[in-house]
Amino acid sequence: MAEQNKGEQKSADETEAVPVTVRVAGALVALEGALGLVAMVVLIIVGVNGSAQSPKNSYLTAGYAAILGGAVFAAGIGLLRGKRWGRAIATLTQLLLLGVAYYMFTSDRPEFGAPLGLLALGALGGLFAPASNRWMAAGYGSPAE
């Protein structure tokens, strides 16, 4: 019997096929993160060209958008690549976005709130679909029923 080198052994993330539901959720989460990074660029441009009320606030908000958008984008890419760690960040983000969508919807801005809410619900649906739950459980050695 041949022994495998540690470098040749595959992690649990690589041995189990990633369900389509996880990949779809990852794509939606990556889109949300990318939009956060676009917001960062817009805030920097607004601060530089002088159209912001306070350039300092624009830059600080851009930094905040960079941190959050980058983390959400990384979680989405992680899910697309089959990394289980991205699910926690993605789930928390979707729950927060549902609150934002509710606020927009009840603030007479349903044209923004409804699509955002549907996007968050779609991502949550992908993250907690039965195939996604089996995939997550298999990564922790739980029996996949």
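Nothing here was measured: the structure is a model prediction, and the numbers come from that model.

Asks: Which parts of the structure should I look at to understand the UniProt feature "transmembrane region" (unreviewed entry) in the protein chain?
Replies: Within this structure's numbering, the places UniProt gives as "transmembrane region" (unreviewed entry) are residues 20-46, 58-80, 87-106 and 112-131. Annotation note: span residues 20-46, helix share 100%, strand share 0%, distance between end C-alpha atoms 39 Å. Helix makes up 90% of residues 112-131 and strand makes up 0%, while its end C-alpha atoms are separated by 30 Å.

Asks: Would you mind going over the side chain of Arg87 with me for this structure?
Replies: You can see Arg87 is positioned in helix α4 (residues 86-106). A relative accessible area of 12% means that Arg87 is categorised as buried. Leave out the neighbours within four places in its chain, and Arg87 touches Leu79, Leu127, Phe128, Asn133 and Met136.

Asks: I would appreciate a short explanation of the packing of aromatic side chains in the present structure.
Replies: Under the counting rule described, the total for this entry stands at zero aromatic pairs. Here the guanidinium or amino end of Arg84 rests over the ring plane of Trp135, the centre of that ring lying 4.4 Å away. The ring of Phe128 is capped by Arg87, whose NZ or CZ atom sits 4.4 Å from the centre of that ring.

Asks: How should the layout of surface pockets be read in this particular structure?
Replies: One water molecule sets the probe size; rolling that probe over the atoms shows where empty space is left. In this structure, the largest pocket occupies an estimated 590 Å³ of space. Lining the largest pocket are 21 residues, with Glu32, Gly36, Leu68, Thr93 and Leu97 sitting closest to its centre. Looking at the lining of the largest pocket, the elements with two or more residues in it are α2 (20-48), α3 (55-80), α4 and α5 (110-127). For the lining of the largest pocket, the per-class residue count stands at 15 nonpolar, five polar and one charged.

Each value, and the rule that gives it
Residues numbered from 1 in each chain as written. Predicted model: local features only at pLDDT ≥ 70, side-chain atom pairs only at ≥ 80, totals over all residues. Heavy atoms only, no water. UniProt positions renumbered as here; feature names shortened; annotations may be inferred. Helix = DSSP H or I, 4+ residues; strand = E, 2+ residues; numbered from the N terminus. Buried < 20%, exposed > 50% of the residue type's maximum accessible area, 1.4 Å probe, protein only. Contact = heavy atoms within 4.5 Å. Phe/Tyr/Trp six-rings, centres within 6.5 Å; stacked < 30°, edge-to-face > 60°. Lys NZ or Arg CZ within 6 Å of the ring centre and 35° of its normal. 1 Å grid on protein atoms, 1.4 Å probe; cavity = no way out; pocket = protein on both sides within 12 Å on 5 of 7 lines; lining within 4 Å. Points joined across faces, edges and corners; volume = space filled by probe spheres on them. Nonpolar A, V, L, I, M, F, W, Y, C, P; charged D, E, K, R; others polar.

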